[in-house]
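Summary of the model geometry
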Amino acid sequence: MPSTTAITVSQLSRLVGLPGAPAIVDVRIDEDFDADPRLLPASVRRDFKTVSTWASDFAGKPVVVVCQKGRKLSQGVAAWLRHGGIPAETLEGGFEAWRDADALLVRTDKLPPRDEKGRTVWVTRARPKVDRIACPWLIRRFIDPRPVFLFVEAAEVPAVADRFQAEPFDIDNVFWSHRGERCTFDTMIEEFGLESAALDRLAVIVRAADTASLDLVPQAAGFLAASLGLSRMFRDDLEQLEAGMLLYDAFFRWCRDATEETHNWPGAGKPS
(Lines give C-alpha, C1' and ligand atoms only; values in the text may rest on other atoms or scores of the structure.)
Protein backbone atom coordinates (compact mmCIF):
# COMPACT_ATOMS: atom_id res chain seq x y z
CA MET A 1 0.00 0.00 0.00
CA PRO A 2 1.48 3.42 -0.93
CA SER A 3 2.56 5.57 2.00
CA THR A 4 0.29 8.47 2.89
CA THR A 5 3.21 10.45 4.31
CA ALA A 6 5.75 10.12 1.48
CA ILE A 7 6.19 11.79 -1.90
CA THR A 8 7.96 10.18 -4.83
CA VAL A 9 10.87 11.62 -6.76
CA SER A 10 8.74 12.12 -9.86
CA GLN A 11 6.00 13.87 -7.89
CA LEU A 12 8.38 16.25 -6.15
CA SER A 13 10.38 16.98 -9.29
CA ARG A 14 7.19 18.30 -10.93
CA LEU A 15 6.83 20.82 -8.11
CA VAL A 16 10.41 22.09 -8.02
CA GLY A 17 10.77 25.64 -9.28
CA LEU A 18 7.07 26.47 -8.95
CA PRO A 19 5.75 29.18 -6.62
CA GLY A 20 3.66 26.64 -4.69
CA ALA A 21 6.46 24.14 -4.18
CA PRO A 22 6.79 22.71 -0.67
CA ALA A 23 9.66 23.72 1.57
CA ILE A 24 12.38 21.08 1.32
CA VAL A 25 14.39 20.33 4.44
CA ASP A 26 17.62 18.33 4.18
CA VAL A 27 18.40 16.50 7.43
CA ARG A 28 21.28 14.32 6.20
CA ILE A 29 24.07 13.82 8.68
CA ASP A 30 27.30 15.69 8.00
CA GLU A 31 29.12 12.60 6.75
CA ASP A 32 26.50 11.94 4.09
CA PHE A 33 26.36 15.60 3.07
CA ASP A 34 30.14 15.84 2.84
CA ALA A 35 30.19 12.78 0.56
CA ASP A 36 27.88 14.63 -1.88
CA PRO A 37 27.43 18.28 -0.87
CA ARG A 38 24.73 19.02 -3.41
CA LEU A 39 21.20 19.95 -2.40
CA LEU A 40 17.74 19.52 -3.82
CA PRO A 41 16.61 22.83 -5.34
CA ALA A 42 15.68 25.54 -2.81
CA SER A 43 16.25 23.16 0.09
CA VAL A 44 17.64 24.15 3.47
CA ARG A 45 19.77 22.07 5.78
CA ARG A 46 18.68 21.44 9.36
CA ASP A 47 19.99 19.28 12.20
CA PHE A 48 17.51 16.49 12.90
CA LYS A 49 18.58 16.45 16.55
CA THR A 50 17.26 19.98 17.13
CA VAL A 51 13.97 19.72 15.26
CA SER A 52 12.04 20.93 18.29
CA THR A 53 13.84 24.30 18.11
CA TRP A 54 13.34 24.99 14.39
CA ALA A 55 10.08 23.23 13.54
CA SER A 56 8.06 26.43 13.98
CA ASP A 57 10.06 28.09 11.18
CA PHE A 58 7.94 26.07 8.74
CA ALA A 59 4.53 26.71 10.26
CA GLY A 60 1.81 27.22 7.69
CA LYS A 61 3.58 25.62 4.75
CA PRO A 62 3.90 22.06 3.40
CA VAL A 63 7.28 20.46 3.95
CA VAL A 64 9.20 17.58 2.36
CA VAL A 65 11.95 16.14 4.56
CA VAL A 66 14.97 14.53 2.94
CA CYS A 67 17.58 12.27 4.52
CA GLN A 68 20.00 9.89 2.85
CA LYS A 69 17.65 6.96 2.25
CA GLY A 70 14.23 8.24 3.33
CA ARG A 71 14.19 6.23 6.52
CA LYS A 72 14.51 7.01 10.20
CA LEU A 73 15.84 10.58 10.12
CA SER A 74 13.39 12.03 7.61
CA GLN A 75 10.47 9.99 8.91
CA GLY A 76 11.17 11.03 12.50
CA VAL A 77 11.52 14.70 11.60
CA ALA A 78 8.38 14.64 9.44
CA ALA A 79 6.44 13.02 12.27
CA TRP A 80 7.65 15.71 14.65
CA LEU A 81 6.57 18.43 12.22
CA ARG A 82 3.14 16.84 11.82
CA HIS A 83 2.84 16.76 15.61
CA GLY A 84 3.20 20.55 15.45
CA GLY A 85 0.43 20.84 12.85
CA ILE A 86 2.78 21.19 9.87
CA PRO A 87 1.88 19.08 6.81
CA ALA A 88 5.10 17.14 6.27
CA GLU A 89 6.07 14.30 3.98
CA THR A 90 9.28 12.39 3.41
CA LEU A 91 10.98 11.89 0.07
CA GLU A 92 10.60 8.24 -0.87
CA GLY A 93 14.10 6.76 -1.15
CA GLY A 94 15.69 9.97 0.14
CA PHE A 95 18.58 11.82 -1.40
CA GLU A 96 19.93 8.65 -2.99
CA ALA A 97 16.74 8.07 -4.96
CA TRP A 98 16.70 11.69 -6.13
CA ARG A 99 20.35 11.52 -7.18
CA ASP A 100 19.98 8.16 -8.91
CA ALA A 101 17.03 9.51 -10.92
CA ASP A 102 19.26 12.31 -12.26
CA ALA A 103 16.87 14.85 -10.80
CA LEU A 104 17.98 18.45 -10.48
CA LEU A 105 20.65 19.11 -7.84
CA VAL A 106 22.33 22.36 -6.80
CA ARG A 107 26.07 22.68 -6.34
CA THR A 108 26.87 24.39 -3.05
CA ASP A 109 30.56 25.23 -3.48
CA LYS A 110 29.74 28.65 -4.97
CA LEU A 111 27.00 29.57 -2.52
CA PRO A 112 27.77 32.82 -0.67
CA PRO A 113 27.91 32.83 3.14
CA ARG A 114 24.58 33.09 4.92
CA ASP A 115 23.63 35.76 7.42
CA GLU A 116 22.68 35.17 11.04
CA LYS A 117 19.18 34.16 9.92
CA GLY A 118 20.46 31.63 7.40
CA ARG A 119 19.75 33.76 4.31
CA THR A 120 21.99 34.51 1.36
CA VAL A 121 22.37 38.26 0.76
CA TRP A 122 22.80 39.72 -2.74
CA VAL A 123 23.33 43.25 -4.05
CA THR A 124 22.97 44.75 -7.52
CA ARG A 125 22.08 47.91 -9.41
CA ALA A 126 18.78 49.66 -8.79
CA ARG A 127 15.95 49.73 -11.33
CA PRO A 128 16.23 46.06 -12.29
CA LYS A 129 15.21 44.82 -15.68
CA VAL A 130 15.64 41.52 -17.52
CA ASP A 131 18.76 39.93 -16.01
CA ARG A 132 18.38 41.55 -12.60
CA ILE A 133 14.90 40.05 -12.26
CA ALA A 134 15.90 36.70 -13.78
CA CYS A 135 18.72 36.11 -11.29
CA PRO A 136 16.63 36.79 -8.16
CA TRP A 137 13.89 34.57 -9.61
CA LEU A 138 16.40 31.75 -10.13
CA ILE A 139 17.86 32.17 -6.65
CA ARG A 140 14.50 32.19 -4.93
CA ARG A 141 13.02 29.28 -6.87
CA PHE A 142 16.09 27.01 -7.00
CA ILE A 143 18.85 28.16 -4.62
CA ASP A 144 17.58 29.87 -1.48
CA PRO A 145 13.85 30.34 -0.77
CA ARG A 146 14.48 33.25 1.64
CA PRO A 147 17.22 35.43 0.12
CA VAL A 148 17.77 39.13 0.68
CA PHE A 149 18.15 41.39 -2.38
CA LEU A 150 19.60 44.88 -2.04
CA PHE A 151 19.10 47.30 -4.94
CA VAL A 152 21.40 50.33 -4.77
CA GLU A 153 22.99 52.92 -7.06
CA ALA A 154 25.36 51.25 -9.52
CA ALA A 155 28.44 53.06 -8.23
CA GLU A 156 27.72 51.91 -4.67
CA VAL A 157 27.32 48.19 -5.34
CA PRO A 158 30.95 47.20 -4.48
CA ALA A 159 30.99 49.24 -1.28
CA VAL A 160 27.59 47.95 -0.15
CA ALA A 161 28.74 44.40 -0.90
CA ASP A 162 31.77 44.94 1.33
CA ARG A 163 30.04 46.71 4.20
CA PHE A 164 26.99 44.45 4.34
CA GLN A 165 28.66 41.12 3.40
CA ALA A 166 26.43 40.86 0.34
CA GLU A 167 27.21 39.02 -2.90
CA PRO A 168 27.37 41.45 -5.86
CA PHE A 169 25.83 40.37 -9.15
CA ASP A 170 25.21 41.69 -12.64
CA ILE A 171 27.88 44.39 -12.53
CA ASP A 172 31.31 44.47 -14.14
CA ASN A 173 34.33 42.72 -12.62
CA VAL A 174 32.52 40.38 -10.23
CA PHE A 175 32.07 36.60 -10.29
CA TRP A 176 28.31 36.69 -10.94
CA SER A 177 28.30 38.68 -14.15
CA HIS A 178 28.16 38.43 -17.94
CA ARG A 179 30.71 36.17 -19.59
CA GLY A 180 31.21 36.82 -23.28
CA GLU A 181 27.82 36.74 -24.99
CA ARG A 182 26.18 35.03 -22.03
CA CYS A 183 24.43 36.98 -19.29
CA THR A 184 24.48 36.62 -15.51
CA PHE A 185 21.49 34.30 -15.56
CA ASP A 186 23.54 31.91 -17.72
CA THR A 187 26.44 32.17 -15.28
CA MET A 188 24.26 31.22 -12.32
CA ILE A 189 22.74 28.23 -14.12
CA GLU A 190 26.23 27.00 -14.99
CA GLU A 191 27.93 27.60 -11.64
CA PHE A 192 25.11 26.08 -9.60
CA GLY A 193 25.01 23.04 -11.89
CA LEU A 194 21.34 23.46 -12.80
CA GLU A 195 21.17 21.08 -15.75
CA SER A 196 17.61 21.52 -16.96
CA ALA A 197 16.21 21.71 -20.47
CA ALA A 198 13.51 24.13 -19.29
CA LEU A 199 16.02 26.47 -17.64
CA ASP A 200 18.29 26.31 -20.69
CA ARG A 201 15.34 27.30 -22.89
CA LEU A 202 14.45 30.15 -20.56
CA ALA A 203 18.09 31.26 -20.48
CA VAL A 204 18.09 31.77 -24.24
CA ILE A 205 15.02 34.02 -23.96
CA VAL A 206 16.58 36.00 -21.09
CA ARG A 207 19.89 36.33 -22.94
CA ALA A 208 18.21 37.48 -26.14
CA ALA A 209 16.13 40.09 -24.33
CA ASP A 210 18.97 41.24 -22.08
CA THR A 211 21.50 41.68 -24.89
CA ALA A 212 19.06 43.11 -27.49
CA SER A 213 19.51 40.02 -29.68
CA LEU A 214 15.80 39.90 -30.35
CA ASP A 215 16.10 37.77 -33.46
CA LEU A 216 17.59 34.92 -31.43
CA VAL A 217 14.21 33.52 -30.34
CA PRO A 218 10.68 34.73 -31.16
CA GLN A 219 9.74 35.15 -27.49
CA ALA A 220 12.51 37.69 -26.78
CA ALA A 221 10.75 40.85 -27.99
CA GLY A 222 7.62 40.21 -25.94
CA PHE A 223 9.68 39.26 -22.92
CA LEU A 224 11.67 42.49 -23.15
CA ALA A 225 8.49 44.53 -23.61
CA ALA A 226 6.95 42.98 -20.49
CA SER A 227 10.10 43.65 -18.49
CA LEU A 228 10.28 47.27 -19.60
CA GLY A 229 6.60 47.72 -18.88
CA LEU A 230 7.06 46.43 -15.34
CA SER A 231 9.92 48.87 -14.80
CA ARG A 232 7.54 51.72 -15.65
CA MET A 233 4.80 50.45 -13.35
CA PHE A 234 6.74 50.38 -10.09
CA ARG A 235 8.99 52.91 -8.36
CA ASP A 236 9.98 50.46 -5.64
CA ASP A 237 12.47 47.87 -6.88
CA LEU A 238 11.30 45.16 -4.48
CA GLU A 239 7.69 45.63 -5.54
CA GLN A 240 8.83 45.37 -9.14
CA LEU A 241 10.71 42.17 -8.32
CA GLU A 242 7.61 40.64 -6.75
CA ALA A 243 5.53 41.50 -9.80
CA GLY A 244 8.23 40.17 -12.11
CA MET A 245 8.30 36.80 -10.36
CA LEU A 246 4.95 35.97 -11.97
CA LEU A 247 6.34 36.74 -15.43
CA TYR A 248 9.27 34.39 -14.93
CA ASP A 249 7.09 31.72 -13.35
CA ALA A 250 4.86 31.82 -16.43
CA PHE A 251 7.74 31.65 -18.89
CA PHE A 252 9.34 28.80 -16.94
CA ARG A 253 6.13 26.80 -17.12
CA TRP A 254 5.90 27.51 -20.85
CA CYS A 255 9.52 26.39 -21.29
CA ARG A 256 8.85 23.23 -19.32
CA ASP A 257 5.38 22.18 -20.41
CA ALA A 258 3.83 24.24 -23.18
CA THR A 259 6.27 24.85 -26.04
CA GLU A 260 4.30 22.54 -28.35
CA GLU A 261 0.91 24.05 -27.53
CA THR A 262 -0.68 26.50 -29.92
CA HIS A 263 -3.70 28.76 -29.72
CA ASN A 264 -5.92 29.34 -32.73
CA TRP A 265 -9.19 31.18 -33.20
CA PRO A 266 -11.91 28.56 -33.82
CA GLY A 267 -13.22 28.53 -37.36
CA ALA A 268 -16.87 29.24 -38.17
CA GLY A 269 -19.16 26.45 -37.01
CA LYS A 270 -16.44 24.75 -34.99
CA PRO A 271 -16.64 24.30 -31.24
CA SER A 272 -14.31 26.51 -29.23
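This one's a predicted model, so the numbers in the text were calculated from it and none came from an experiment. (Residues numbered from 1 in each chain as written. Predicted model: local features only at pLDDT ≥ 70, side-chain atom pairs only at ≥ 80, totals over all residues. Heavy atoms only, no water.)

**A look at the pattern of salt bridges**
So the rule is basically this: By convention in these notes, a salt bridge is any Lys or Arg side-chain nitrogen within 4 Å of a carboxyl oxygen on Asp or Glu.
In total, this model carries 22 salt bridges according to the counting rule given. Of the charged contacts, one joins Arg-107 and Asp-109 as a salt bridge, the two residues approaching to 2.7 Å between their closest N and O atoms. Each of Arg-14, Arg-253, Arg-256 and Asp-257 takes part in a single network of salt bridges with overlapping partners.

**Considering the domain arrangement of the protein chain**
Let me state the cut-off plainly: The source of the domain bounds is an automatic or database domain assignment. By definition in these notes, contact holds between two residues if any of their heavy atoms fall within 4.5 Å. When two parts are put together, the accessible area they lose, computed with a 1.4 Å probe and summed over both, is reported as buried area.
In terms of domains, the protein chain is made up of domain 1 (4-99) and domain 2 (128-144 + 168-256). On a C-alpha basis, the centres of domain 1 and domain 2 stand 28 Å from each other. On the side of domain 2, ten residues touch domain 1, which itself brings nine residues to the contact. Summed over both sides, the interface of domain 1 with domain 2 buries roughly 740 Å², with 53% coming from carbon and sulfur. Together, Gly-17, Leu-18 and Ala-42 form the three largest contributors to the area buried by domain 1 at its contact with domain 2, with a combined 53%.

**Re the packing of aromatic side chains**
Just so we agree on the cut-off: A pair of aromatic rings is counted whenever rings of Phe, Tyr or Trp (Trp by its six-membered ring) have centres within 6.5 Å, and the orientation is called stacked for planes under 30 degrees apart, edge-to-face for over 60 and tilted otherwise. By definition, any uninterrupted DSSP run of H or I lasting at least four residues is a helix, any uninterrupted run of E lasting at least two residues is a strand, and each is numbered from the N terminus. Exposure categories follow from relative accessible area, calculated using a 1.4 Å probe and restricted to protein chains: below 20% of the type maximum is buried, above 50% is exposed, and the middle band is partly exposed.
In this structure the tally under the stated criterion is 13 aromatic pairs. An angle of 35° between the planes, with centres 6.3 Å apart, marks the rings of Trp-137 and Tyr-248 as tilted. Of the two residues, Trp-137 sits in helix α6 (residues 130-143) while Tyr-248 sits in helix α11 (residues 237-258), which places them 111 residues apart along the sequence. A relative accessible area of 0% means that Trp-137 is categorised as buried. Each ring, one from Trp-176 and one from Phe-192, has its centre 5.0 Å from the other, and the planes form 20°; the classification is stacked. Residue Trp-176 is found in the loop between β8 (167-168) and α8 (184-191), and its partner Phe-192 is found in the loop between α8 and α9 (197-210); the two are separated by 16 residues along the sequence. Phe-192 shares its class with Trp-176; the two are buried.

**Comments concerning the pairing of strand β7 (residues 148-152)**
Under the convention used in this document: Any two strands with at least two DSSP-identified bridges between them are counted as paired. A crossover gets the label right-handed when its path from the first strand over the helix to the second runs clockwise, viewed with the strands pointing away from the viewer.
Among the five residues of β7, four are classified as buried, and the element is accordingly described as predominantly covered. Pairing of strand β6 (residues 121-125) with β7 involves five bridges; the strand directions are parallel. Residue Thr-124 lies in a different strand from β7, and its bridge partner there is Phe-151. Between the parallel elements β6 and β7, the chain passes through α6 in a crossover that is right-handed.

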